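Next come the chains, spelled out residue by residue.
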Amino acid sequence: MSAAPASPFMDHSELPLRGIKVLELSHMIMGPAAGLALADLGAEVIKLEPIDGDRTRRLKGSGSGYFPVFNRNKQSLSIDLKSAEGQALARQLALRADMVVENFRDGGLAQYGLDYASLSAENPRLIYVSLKGFLSGPYKHRTALDEVVQMMGGLAYINGGADTPQRVAASVNDILGGTFGVVGALAALHDRHVTGRGRHVRSGLFENNLLLVAQFIAQYQLTGAAPKPFGAERKPPWGVYDVFETADGRVFVAVVGDAQWRNFAQKFLPPEWAADPRLATAVDREAARSWLVPGVGAILKTWKTDALCAALEAANLSYGPIRQPHDLLHDEHLNAGGALLATALPDGGEIAAAALPIEFDGLKAGKRFDPPAQGRDTEAILRGLGLDAARIDALRSAGVVHCEDKA
């Protein structure tokens, strides 16, 4: 048997997108999430920030995690795009790139000559990824936020209570919308190997949300009944598929098949339950939920959480203790597998951030460098464009670029 790898991470020289150059023109979550995936996979991602920095750097409260989570493995170039010189520098970088990723308002970059039509005319191999609120249709030019499309797309309704729509707390559309943008970009990259030409890839929040609620739309079409909000009247399709109180906490237990039921009943319930004909099939157990769930609950209430989880694990049954997000910092599986990346922040703080949830031959992509200070790489990038120190100093003095103060 071969020994376990010394590290759960890939060597940087083996990252699959090594050599791919990306210019990221983005803000908030959707664009940075796409850039993060490309950067983690090995692409050289230059994050172009405004002259006063990405605004997520300054967010507090629930927004305080945006920048540190979605901007590792990137270079920071800070430019005033409102200036002609700043626009010219950005265009040079875009024309040298394999990909441009942007999530500005539709058509918003045309004024800077950074739109797909302008750039692809000079660089037909460019893959241009636009992350928008809406794809083609009457809403195409609307602006949107994750919460907006959750509300208008039925996700907040199905997630809420009887009278109160409730957004999913995580920015699911932003993150998945950015991810689908990357899926399109990688497909376009493959196509470029065949055709020699790039593509304009668009990913939309609203259409992403449609995919998230598609199963409920299908349910309505097939049954004729509108699904009820989960917070109003949750009706699982299985007899035991619930959060149960334990002696010192809560555990979600899922028993979804007949073989699983027999196993569960044998190990956790009185002998007569396993033989009860009223519980013989999944359909029978679903019909018996009114008395089955309270009965199972009374039995599981006598267990302590850790002991119950260990017994469910030994029985090969599906379960999950109820946790808060920060409890995952101490999860043995996530820590052993390298899913939490120690991350140093520009202001001196530290966090553990989530790694990209992908493995290649059992190894994750990992972290090459921490989220950058604003303008950390401005000078090096401009030198790469052929600018000398005097020219860079002149641009800095004119307020066209911002370079990190190394003092």
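Residues numbered from 1 in each chain as written. Predicted model: local features only at pLDDT ≥ 70, side-chain atom pairs only at ≥ 80, totals over all residues. Heavy atoms only, no water.

Going by an unreviewed UniProt entry, the protein carries the name Formyl-CoA:oxalate CoA-transferase and comes from Achromobacter insuavis.

K.L.:
I'm lost on the pattern of salt bridges in this one. Help?
P.N.:
Two side chains of opposite charge can pair, provided their charged atoms sit close to one another. Applying the stated criterion to the full structure yields 23 salt bridges. A salt bridge links Glu147 to Arg167, with the shortest nitrogen-to-oxygen separation between them at 3.2 Å. Note that Glu147 is positioned in helix α5 (residues 146-152) and Arg167 in the loop between α6 (155-159) and α7 (172-195), a separation of 20 residues in sequence. Residue Glu147 is classed as partly exposed on the basis of its relative accessible area, which comes to 36%. (Salt bridge = Lys/Arg side-chain N within 4 Å of Asp/Glu carboxyl O. Helix = DSSP H or I, 4+ residues; strand = E, 2+ residues; numbered from the N terminus. Buried < 20%, exposed > 50% of the residue type's maximum accessible area, 1.4 Å probe, protein only.)

K.L.:
Just checking my understanding: could you explain the layout of surface pockets for this structure?
P.N.:
A probe matching the size of a water molecule, rolled over the atoms, marks out where space remains unfilled. Approximately 1,300 Å³ is the volume found for the largest pocket. Val69, Phe70, Ile175, Ala353 and Ala354 are, among the 38 residues lining the largest pocket, the residues nearest its centre. Residue assignment for the lining of the largest pocket shows that the elements contributing at least two residues are α1 (30-40), α2 (66-70), α7 and β11 (350-354). For the lining of the largest pocket, the element with the most residues is α7, which contributes seven residues. When its residues are assigned to classes, the lining of the largest pocket shows 29 nonpolar, seven polar and two charged. (1 Å grid on protein atoms, 1.4 Å probe; cavity = no way out; pocket = protein on both sides within 12 Å on 5 of 7 lines; lining within 4 Å. Points joined across faces, edges and corners; volume = space filled by probe spheres on them. Nonpolar A, V, L, I, M, F, W, Y, C, P; charged D, E, K, R; others polar.)

K.L.:
What should I look at first to understand the packing of α7 against helix α8 (residues 205-223) in this one?
P.N.:
When two helices pack together, their arrangement is captured by the angle between the axes and the distance separating the axes. Orientation of α7 relative to α8, taken along the N-to-C sense of each, is 105 degrees, at an axis distance of 9 Å. When the axis of α7 is compared with that of α8, the two are roughly perpendicular. Here Val172, Asn173, Asp174, Leu176, Gly177 and Phe180 of α7 lie close against α8, whose contacting residues are Leu205, Asn208, Asn209, Leu211 and Leu212. Its residues assigned to classes, the contact of α7 with α8 shows six nonpolar, four polar and one charged. (Axes fitted to C-alpha atoms, helices over the stretch in contact; angles between N-to-C directions. Parallel < 35°, antiparallel > 145°, perpendicular 65-115°, else oblique. Contact = heavy atoms within 4.5 Å.)

K.L.:
Got a minute to help me understand the packing of aromatic side chains in this structure?
P.N.:
To describe a pair of aromatic rings, you give the distance between the ring centres and the angle between the ring planes. Scanning the model with the defined rule gives eleven aromatic pairs in all. When the ring of Phe216 is compared with that of Phe230, the centres are 6.0 Å apart and the planes differ by 85 degrees; the resulting orientation is edge-to-face. Linking Phe216 in helix α8 with Phe230 in the loop between α8 and β7 (240-245), this pair joins segments that are 14 residues apart in sequence. Overall, Phe230 belongs to the partly exposed group, its relative accessible area being 47%. Counting every residue linked through ring pairs, the aromatic cluster contains Trp261, Phe264, Phe268 and Trp303. The ring of Phe134 carries Arg142 above its face, with NZ or CZ at 6.0 Å from the centroid. Between the NZ or CZ atom of Arg142 and the centre of the ring of Tyr139, over which it lies, the distance is 4.0 Å. (Phe/Tyr/Trp six-rings, centres within 6.5 Å; stacked < 30°, edge-to-face > 60°. Lys NZ or Arg CZ within 6 Å of the ring centre and 35° of its normal.)

K.L.:
Hey, could you run me through the sheet that holds strand β2 (residues 44-49) in this one?
P.N.:
By way of backbone hydrogen bonds, the strands of a sheet pair with one another, either parallel or antiparallel. As summarised here, the arrangement of the seven strands in space is β6-β5-β4-β1-β2-β3-β12, forming an open sheet in which the pairing is mixed. The open sheet has two free edges, formed respectively by β6 (200-204) and β12 (401-402), since each of these has just one partner strand. As paired elements, strand β1 (residues 21-25) and β2 share four bridges and run parallel to each other. Within β2, the residue paired with Leu23 across the bridge is Ile46. Lying over the sheet, α8 contacts β5 (127-132) and β6, oriented at roughly 60 degrees with respect to β6. (Pairing = 2+ DSSP bridges.)

K.L.:
Looking at this model, I keep getting lost on the packing of α1 against α7. Mind explaining?
P.N.:
Across the interface, α1 lies against α7 with an axial gap of 7 Å and an inter-helix angle of 50 degrees. The angle between α1 and α7 places the two elements in the oblique class. Our pair here, α1 against α7, has a crossing hand that is right-handed. Seen from α1, the contacting residues are Met30, Ala33, Ala34, Ala37 and Leu38; seen from α7, they are Asp174, Ile175, Gly177, Gly178, Val182 and Leu186. Broken down by class, the residue content of the contact of α1 with α7 amounts to eight nonpolar, two polar and one charged. (Left-handed = near helix turned anticlockwise from the far one by under 90°.)

K.L.:
Whenever I open this one, unusual backbone geometry confuses me. Can you help?
P.N.:
With the exception of glycine, the majority of residues adopt a negative phi angle, and the majority of peptide bonds are in the trans configuration. Phi angles above zero are rare outside glycine, and Asn73 is one such case at about 60 degrees. Its location among the elements puts Asn73 in the loop between α2 and β3 (74-79). One non-glycine residue, Asp361, lies in positive phi territory at about 55 degrees. Turning to its location among the elements, Asp361 is positioned in the loop between β11 and α15 (378-384). Residue classification places Asp361 among the exposed positions, given a relative accessible area of 83%.

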